[in-house]
Amino acid sequence: MANVIYHSKINQIGEFAQEALADGMLILFKNGAPADLAEYCFVHSHDDLQQDLQVGQEIKLGKHVYEITAVGDVGSINFRELGHITLRFDGNHQAELPGTVHVKGDLPDQLSVGDEIIILND
């Protein structure tokens with residue numbers, strides 16, 4: 001049985017967030033993100049991350065489910081403290097950047113305010 005190690009909701013979508021998503025990146029940041037950054041982010045309510053992000057965990061974004069394939073060196077720290085990570089939907093097994101988390105699966109076509117962000121650990 002999978003354990004929920006993180007749960008929050010999207011409550012603001014920046015003006016350019018969907019464009020970044022179309023380029024294969026989804027940028028998350030907790031409420032209170034700096035305004036210039038928030039324009040590119042899916043801003044969410046944030047929660048306690050109950051354990052570090054790891055390969056093999058699942059991230060649910062609304063109705064979409066993704067498997068984590070790589071976690072950058074500061075991914076867990078940034079997410080715990082700032083609610084901030086960049087998700088890349090390329091299935092890479094090596095993180096390109098320290099704050100990037102790579103996942104396997106198709107880009108979500110639409111994410112909306114109120115959609116849940118859930119991270120599951122098997």
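Located above this text is the structure these notes cover.
Below or above, wherever it landed, is the structure these notes cover. Within any chain, residue numbers begin from 1 and follow the written order of that chain's sequence. Under the rules for a predicted model, residues below a pLDDT of 70 receive no local features and side-chain atom pairs below 80 are neither given nor counted, while totals for whole chains, interfaces and linings still include all residues. Just so you know, side-chain values use all the structure's heavy atoms and leave hydrogens and water out.

Moving on, we come to the packing of aromatic side chains. Only the six-membered ring of Trp is used, alongside the rings of Phe and Tyr, when aromatic pairs are assigned; centres must lie within 6.5 Å, and planes under 30 degrees apart are stacked while those over 60 apart are edge-to-face, with the rest tilted. Counting across every chain of the model gives three aromatic pairs. Geometrically, the ring pair formed by Y66 and F89 is edge-to-face, given 5.0 Å between the ring centres and 70 degrees between the ring planes. Separated by 23 residues along the polypeptide, Y66 in strand β5 (residues 64-71) and F89 in the loop between β6 (85-88) and β7 (100-104) bring together distant segments of the chain. The pair formed by Y66 and F89 is uniform in burial state, with each residue classed as buried. Numbering of helices and strands starts at the N terminus; helices are DSSP runs of H or I of at least 4 residues and strands are runs of E of at least 2. Exposure categories follow from relative accessible area, calculated using a 1.4 Å probe and restricted to protein chains: below 20% of the type maximum is buried, above 50% is exposed, and the middle band is partly exposed.

Next up on the list: the pattern of salt bridges. Salt bridge, as applied in this entry: a Lys or Arg side-chain nitrogen positioned within 4 Å of an Asp or Glu carboxyl oxygen. Within the structure shown, the criterion is met by two salt bridges. Residues D52 and R80 are paired through a salt bridge, measuring 3.1 Å at the closest nitrogen-oxygen approach. Taken together, the residues D52 in the loop between β3 (42-44) and β4 (58-61) and R80 in helix α3 (residues 75-82) connect sequence positions 28 residues apart. D52 gets classed as partly exposed once you look at its relative accessible area, which sits at 38%. A relative accessible area of 36% means that R80 is categorised as partly exposed. E67 serves as the salt-bridge partner of K104, at 3.5 Å between the closest nitrogen and oxygen. Within this pair, whereas K104 is found in strand β7, its partner E67 is found in strand β5, the two being separated by 37 residues in sequence.

What makes a nonpolar core is a set of buried Ala, Val, Leu, Ile, Met, Phe, Trp, Tyr and Cys residues whose side-chain atoms join them at distances within 4.5 Å. By size, the foremost hydrophobic cluster in this structure holds 23 residues, and its most contacted members are L26, F42, L61, F79, L87, F89 and V103. If one sorts the elements of this core by residue count, strand β1 (residues 3-13) sits on top with three residues. Residue contacts follow a heavy-atom distance rule, with two residues in contact if any of their heavy atoms lie within 4.5 Å. Beyond its immediate sequence surroundings of up to four residues, L87 is in contact with G24, M25, L26, I59, L61, V101 and V103. In terms of nonpolar packing, the next biggest core, distinct from the first, is built from seven residues, A20, I27, A33 and C41 among them.

Looking now at the pairing of strand β2 (residues 25-30). The criterion for strand pairing is that DSSP finds at least two bridges linking the strands in question. Sheet topology note: the β2/β6 ladder contains four bridges and is antiparallel. Across the sheet, residue L26 finds its bridge partner in β6, namely L87. As judged from the three bridges shared by β2 and β3, these two strands associate in the parallel manner. Note on β3: the bridge partner recorded for K30 is H44.

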